[in-house]
Amino acid sequence: MTNEYLSANTALLRKIEREIASRKQAEALLEQKSLALFEANQKLELAVAQLEKSSAENLIKLEFQQQVDALLIHFGRVFLRKNLDDIILDNFTQKLTENTLIEQCRLVVLQHHDLGLANQQYGQLNANVDLKDGEWLNGELQLPLTIHNERYGSLRILVRNQDIDQAFIKRSIVLVTELLCGAISRQHTIYRNIESRKIAEQSERSTRDFLAMINHELRTPLNGLLGTSELLSETALNHQQTMLVNNLSQSGELLRTIINDLLDFSKINSGMFELIPSQFEVRSLISTLESIFEHKAQEKGLLFDITAKDNLPNAIDGDLERITQVFVNLIGNAIKFTDKGSVLVTLDWENDQLSFSVQDTGIGINENSQEKLFQPFTQVDRSSKRAYEGTGLGLAICQQLIQLMGGQLSLQSQEGIGTQFYGTIPLKSVGDDCLHLIDTPKKMIHISSELAILVVDDILLNQVIIKEMLNKLGIVADIAANGIEALTSAEKRNYDLIFMDCRMPEMDGFEATVELRKLKFDNPIIALTAGTTLEERKKCIECGMNDILTKPYTSEDLKSVLLKWTS
């Protein structure tokens with residue numbers, strides 16, 4: 001009994017020990033699991049915190065990027081529509097600091113004298129510490145504004161949150177600086193073009209003024225020379241005196257041709273040459289050419305003939321002066337380089353074009369020289385022993401004039417046999433029913449010697465010449481030396497016509513004409529001018545003048561004007 005009790009008690013104790021050991025083991029396992037669960041929970045909380053932090057940063061970055069994109073779009077349009085100015089750049093820096101991450105900024109624009117800016121710095125950031133371009137320091141970043149390897153300034157920012165990815169911020173600010181560089185480059189180009197245009201306009205004005213001055217200074221004494229020789233030729237002269245006067249006239253005409261060529265060449269190459277079309281009769285062109293060259297051809301024993309085909313219209317619309325100039329150069333060269341034989345001119349009309357040919361039996365031109373014949377200042381023989389003088393401009397100007405009129409000029413030549421220049425000039429034919437509108441001296445019949453004429457010119461020689469030309473028509477003209485004297489004379493006498501020089505001291509012809517029109521002087525005022533550009537002619541008409549008599553003028557030119565305005 002006792003043994004059984006002891007045995008049972010021992011078994012119970014063992015069971016209890018096992019249960020205690022099992023419980024301890026379970027408690028240890030529970031403690032281990034609890035610790036693992038705690039650690040896992042800690043990791044989860046950390047992960048959640050990191051996730052929340054990352055999400056907040058991404059939201060900030062997203063908002064920052066959206067604001068930068070909006071800035072780029074808005075000011076990209078502004079920079080394209082408007083030129084940079086201080087107000088736009090102030091607004092730019094203000095908008096930039098309204099960004100979530102940018103607390104302050106500072107924009108520096110160098111070389112503002114090239115950009116039209118009054119200021120050089122924009123924004124509120126105090127940049128007391130030097131920064132290297134592209135490097136961060138205490139939340140500040142500075143990026144350069146560089147265009148074609150030239151520094152135009154810098155953009156410096158201070159960020160509010162230094163924990164945000166700085167590389168990400170820098171990439172966005174680089175886009176901002178690129179936008180600024182594009183705007184500055186465009187502005188610089190605009191101002192550079194403006195400056196270049198100002199220089200070009202100043203150069204053009206200087207060229208115009210120079211040509212106007214040269215026109216006046218060369219043509220004015222030439223007017224005296226040719227006018228004097230013409231007046232002398234109509235006086236009683238012995239044979240020797242006649243020969244000397246003829247030499248004087250021919251030299252003057254040659255000088256006029258050279259001056260015209262040089263001035264026209266300058267105007268064409270400076271883009272200031274303009275055609276002045278008018279209606280004229282073809283026979284007047286032919287008569288002019290015959291009067292110029294018949295005597296010269298006879299002196300050399302040459303046959304000179306101008307043939308007008310039957311289909312040539314009676315009158316055409318074009319720049320008579322320039323068409324005449326072309327034929328004068330072509331025919332003059334043909335006669336100059338032809339010692340025997342003939343110079344034949346043919347005029348025809350094909351497809352609304354004046355077709356022409358100038359053929360001579362002169363020295364001819366070899367093929368190598370033909371290629372450079374139309375180049376300015378070029379002659380076949382440029383040696384000091386050459387037999388023919390000239391500037392080498394005539395043919396170059398002929399080609400340029402014809403091209404300006406829309407035509408073309410070509411040549412065929414064989415050395416020792418002769419040369420033929422031929423070409424076309426597009427022109428408008430004038431119907432016979434419009435011929436009565438064309439003023440020609442032959443249709444006018446009478447000039448009254450009772451006309452009251454005032455001549456206003458400051459140069460004594462010109463006064464003498466025009467007064468003598470008028471005396472030949474039985475007209476005694478009054479003389480005034482400047483615009484002030486002209487006004488005084490016009491108040492004392494009612495003149496039928498006034499010849500008004502344009503360039504005079506004290507009061508020029510333009511101002512005098514304006515004042516005369518204010519005084520209700522309604523009769524014709526004719527400009528006496530050496531100016532040949534369309535701009536100068538327009539100025540004459542705009543100030544109130546009725547017509548223009550270009551220096552140097554002849555008695556026939558003077559007579560034509562009087563017939564036109566007083567008959």
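This text gives an overview of the structure that appears in the document. (Residues numbered from 1 in each chain as written. Predicted model: local features only at pLDDT ≥ 70, side-chain atom pairs only at ≥ 80, totals over all residues. Heavy atoms only, no water.)

Below, the discussion takes up the pairing of strand 1 (residues 102-109). Across the 8 residues of strand 1, 6 count as buried, placing the element largely inside the fold. Here 7 bridges tie strand 1 to strand 5 (residues 150-159), and the two strands are oriented antiparallel to one another. Looking at the pairing, Ile102 lines up with Val159 of strand 5. As judged from the 3 bridges shared by strand 1 and strand 2 (residues 121-123), these two strands associate in the antiparallel manner. Residue Val108 lies in a different strand from strand 2, and its bridge partner there is Gln121. (Buried < 20%, exposed > 50% of the residue type's maximum accessible area, 1.4 Å probe, protein only. Helix = DSSP H or I, 4+ residues; strand = E, 2+ residues; numbered from the N terminus. Pairing = 2+ DSSP bridges.)

Here we come to the side chain of Asp86. Summarising the element assignment, Asp86 is placed in helix 2 (residues 86-97). Lacking a salt bridge, the buried Asp86 has Arg106 as its closest oppositely charged neighbour, with an N-O distance of 14 Å. A polar contact of 3.1 Å, which involves the side chain of Asp86, links it to the backbone nitrogen of Ala118. Setting aside chain neighbours within four positions, we find Asp86 in contact with Leu117, Ala118, Asn119 and Tyr122. (Lys, Arg positive; Asp, Glu negative; His and termini not counted. Salt bridge = Lys/Arg side-chain N within 4 Å of Asp/Glu carboxyl O. Polar contact = N/O pair within 3.5 Å; in protein donor to acceptor, adjacent residues only side chain to side chain. Contact = heavy atoms within 4.5 Å.)

A complete count under the given rule lists 6 aromatic pairs for this structure. Consider the rings of Phe75 and Phe92, whose centres lie 5.0 Å apart with planes at 80°: the pair is edge-to-face. In this pair, Phe75 is assigned in helix 1 (residues 2-81) and Phe92 in helix 2, connecting sequence segments 17 residues apart. Each member of the pair Phe75 and Phe92 is classed as buried. Of the aromatic side chains, those joined through ring pairs into one cluster are Phe75, Phe79 and Phe92. Geometry around Phe168 places Lys61 over its ring, the cationic atom sitting 4.8 Å from the centre. Taking NZ or CZ as reference, Lys539 lies 4.4 Å from the ring centre of Phe510, over its face. (Phe/Tyr/Trp six-rings, centres within 6.5 Å; stacked < 30°, edge-to-face > 60°. Lys NZ or Arg CZ within 6 Å of the ring centre and 35° of its normal.)

Among the residues of helix 10 (residues 483-492), Gly483, Ala486, Leu487, Ser489 and Ala490 are the ones counted as buried. For helix 10, the angular spread of buried residues about the axis comes to 165°, placing them on one side. Opposite the buried face of helix 10, by more than 90 degrees, sit the exposed residues Glu491 and Lys492. Turning to helix 10, the residues buried within the fold contact strand 14 (453-456), strand 15 (478-480), strand 16 (497-501) and helix 11 (509-518). (Arc of directions from axis to C-beta.)

Glancing now at the sheet that holds strand 14. The 5 strands are arranged 15-14-16-17-18 in an open sheet whose pairing can be described as parallel. For this open sheet the edge positions go to strand 15 and strand 18 (547-550), each flanked by a neighbour on one side alone. Going from strand to strand, the sheet's axes swing by 20° on average, the running direction of each strand aside. As defined by bridge partners, strand 17 (residues 525-529) adjoins strand 18 across 4 bridges and the pair is classed as parallel. Looking at strand 18, one finds that Ile526 is bridged to Asp547. Strands in contact with helix 11 are strand 16 and strand 17; relative to strand 16, the strand with the most contacts, it is inclined by about 150°. (Axes fitted to C-alpha atoms, helices over the stretch in contact; angles between N-to-C directions.)

Two elements in contact, helix 9 (residues 460-472) and helix 13 (residues 555-566), have axes separated by 10 Å at closest approach and are oriented at 65°. Relative to helix 13, the element helix 9 lies roughly perpendicular. As helix 9 runs across helix 13, the sense of the crossing is right-handed. Residues Ile466, Met469, Leu470 and Lys472 of helix 9 touch helix 13, and the partners they reach there are Ser555, Leu558 and Leu562. Taken together, the residues that form the contact of helix 9 with helix 13 break down as 5 nonpolar, 1 polar and 1 charged. (Parallel < 35°, antiparallel > 145°, perpendicular 65-115°, else oblique. Left-handed = near helix turned anticlockwise from the far one by under 90°. Nonpolar A, V, L, I, M, F, W, Y, C, P; charged D, E, K, R; others polar.)

Next up on the list: the packing of helix 6 (residues 320-336) against helix 8 (residues 394-404). At a closest axis distance of 9 Å, the pairing of helix 6 and helix 8 adopts a crossing angle of 145°. When the axes of helix 6 and helix 8 are compared, the crossing they make is left-handed. Taken together, the residues of helix 8 that come into contact with helix 6 (itself represented by Arg322, Gln325, Val326, Asn329, Leu330 and Asn333) are Gly394, Leu395, Ile397, Cys398, Leu401 and Ile402. Class assignment of the residues belonging to the contact of helix 6 with helix 8 gives a composition of 7 nonpolar, 4 polar and 1 charged.

Tallying each qualifying case throughout the model produces 11 salt bridges. Residues Glu140 and Arg156 are paired through a salt bridge, measuring 2.8 Å at the closest nitrogen-oxygen approach. One end of the pair, Glu140, is in strand 4 (residues 140-147); the other, Arg156, is in strand 5, and 16 residues separate them in sequence. Judged on exposure class, the residue Glu140 and its partner Arg156 are both buried. Residues Lys472 and Glu234 are paired through a salt bridge, measuring 2.1 Å at the closest nitrogen-oxygen approach. Pair noted here: Lys472 is in helix 9 and Glu234 is in the loop between helix 3 (166-233) and helix 4 (239-269), with a separation of 238 residues, a long-range link. Given the relative accessible area of 40%, Lys472 is considered partly exposed. Residue classification places Glu234 among the partly exposed residues on the basis of a relative accessible area of 46%. In the salt-bridge network here, residues are joined through shared partners; they are Asp457, Asp501 and Lys551.

Here we take up the environment of Arg256. Relative to the helices and strands, Arg256 is located in helix 4. Discounting chain neighbours no more than four positions away, the residues touching Arg256 are Leu222, Leu226 and Pro552.

Counting residues in each nonpolar core, the largest one holds 44 residues, and the members touching the most others are Phe327, Leu330, Ile331 and Leu347. Contact partners of Leu347, with chain neighbours within four places excluded, come to Ile286, Ile306, Thr307, Ala308, Lys309, Leu312, Phe327, Leu354, Ser355 and Phe356. By size, the runner-up hydrophobic cluster in this structure holds 38 residues, among which are Leu107, Tyr122, Ile147 and Leu155. (Core = buried A, V, L, I, M, F, W, Y, C linked by side-chain atoms within 4.5 Å.)

Here 5 strands make up an open sheet; going across it, the order is 2-1-5-4-3 and the pairing antiparallel. Taken across any chain shown, the strands that pair with only one partner, and hence form the sheet edges, are strand 2 and strand 3 (136-137). Of the strands in this sheet, strand 1, strand 2 and strand 5 are in contact with helix 2, which crosses strand 1 at around 155°.

Counting across every chain of the model gives 0 disulfides. Looking at Cys502, it has no disulfide partner, and the nearest cysteine sulfur is the one in Cys540, 3.8 Å off. A residue is classified by how much of its surface remains accessible, and Cys502, at 4% relative accessible area, is buried. Since its relative accessible area comes to 2%, Cys540 is described here as buried. (Disulfide = S-S within 2.5 Å.)

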